[in-house]
Amino acid sequence: MTQQGTIKKLLPDGMAEIEVTRRSACGHDCAKCGGCGGLETQILYVTARNRADAQVGERVLIEGETGQVLGFAMLVYLLPLVLFFIGYGIGGLLHAGGGMSALLGGILFLCGILGAVLYSRGMKRRGAIPFEIVRRL
């Protein structure tokens with residue numbers, strides 16, 4: 001997984017904060033399509049290892065460890081959804097009614113989001129950054 005971005009800030013320990021424009025899966029012809037809601041203009045800030053010794057304002061190519069990035073995406077997007085359905089199912093098995101089942105599902109959904117946030121913070125503390133600056137552009 002590679003992406004282009006601009007270095008916004010140099011961080012301690014050879015790291016950099018990079019501004020990346022999120023790419024959509026389509027052909028970026030939004031004037032004709034309009035179906036994605038403008039995702040092509042969404043700005044993300046990622047932290048990456050700066051082994052290329054790039055400076056603030058430079059355009060760089062960053063590479064992500066695909067397995068880690070996809071694993072984190074599954075954790076953030078899929079786990080809360082799965083937990084919601086598990087909670088709803090448990091409520092149904094306990095004959096708690098639709099409202100209570102949805103509440104239990106919602107609580108587990110929030111627990112999944114909280115777990116993803118805590119996992120992300122733990123990754124930052126351990127220095128397990130899945131992105132690295134490959135080269136300057």
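How each quantity is defined
Residues numbered from 1 in each chain as written. Predicted model: local features only at pLDDT ≥ 70, side-chain atom pairs only at ≥ 80, totals over all residues. Heavy atoms only, no water. Helix = DSSP H or I, 4+ residues; strand = E, 2+ residues; numbered from the N terminus. Contact = heavy atoms within 4.5 Å. Patch = residues over 30% accessible without salt bridge, like charges linked within 9 Å, V, L, I, M, F, W, Y side chains within 5 Å. Areas by Shrake-Rupley, 256 points an atom, 1.4 Å probe, with all protein chains shown as cover. Salt bridge = Lys/Arg side-chain N within 4 Å of Asp/Glu carboxyl O. Lys, Arg positive; Asp, Glu negative; His and termini not counted. Charge placed at Lys NZ, Arg CZ, Asp CG, Glu CD. Buried < 20%, exposed > 50% of the residue type's maximum accessible area, 1.4 Å probe, protein only. pLDDT = per-residue confidence, 0-100.

1. A word on the side chain of Asn50
Next, step 1: Examined against the element boundaries, Asn50 turns out to sit in the loop between strand E3 (43-49) and strand E4 (59-64).
Next, step 2: Setting aside residues up to four positions removed in sequence, Asn50 forms contacts with Ile7, Leu10, Gly14, Met15, Ala16 and Ile133.

2. Considering unusual backbone geometry
Next, step 1: Located in the positive-phi region is Asp13, a residue other than glycine, with phi close to 60 degrees.
Next, step 2: Note on placement: Asp13 falls in the loop between strand E1 (2-11) and strand E2 (15-21).
Next, step 3: One non-glycine residue, His95, adopts positive backbone phi at about 55 degrees.
Next, step 4: Counting through the fold element by element, His95 comes out in the loop between helix H1 (66-93) and helix H2 (98-126).

3. Quick notes on a positive patch on the surface
Next, step 1: Side chains of Arg121, Lys124, Arg125 and Arg126 sit close together on the surface and give a patch of like positive charge.
Next, step 2: For Arg126, the position within the fold is in helix H2.
Next, step 3: Note on Arg126: relative accessible area 58%, which makes it exposed.

4. A look at the confidence of the model for the chain
Next, step 1: Confidence along the chain averages 81 in pLDDT terms, with 82% of residues attaining 70 or more.
Next, step 2: Least confident of the elements in the chain is E3, whose mean pLDDT is 84; most confident is E1, at 90.

5. Focus on a nonpolar patch on the surface
Next, step 1: On the surface, a cluster of nonpolar side chains totalling about 760 Å² of accessible area is made up of Met74, Leu78, Leu81, Val82, Phe85, Ile86, Ile90 and Leu94.
Next, step 2: Mapped onto the secondary structure, Ile86 falls in helix H1.

6. Points about the pattern of salt bridges
Next, step 1: Following the criterion strictly, the structure yields two salt bridges and no others.
Next, step 2: Here Glu132 ties to Arg51 by a salt bridge, and the two come within 3.2 Å at their closest N and O atoms. Placement of Glu132 in strand E5 (residues 131-136) and of Arg51 in the loop between E3 and E4 is noted, with a sequence separation of 81 residues between them.
Next, step 3: Overall, Glu132 belongs to the partly exposed group, its relative accessible area being 27%.
Next, step 4: Using a relative accessible area of 60% as the deciding quantity, one classes Arg51 as exposed.
Next, step 5: Arg136 is the salt-bridge partner of Glu58, the closest N and O atoms lying 3.6 Å from each other. In this pair, Glu58 is assigned in the loop between E3 and E4 and Arg136 in strand E5, connecting sequence segments 78 residues apart.
Next, step 6: Its relative accessible area of 24% is what places Glu58 among the partly exposed residues.

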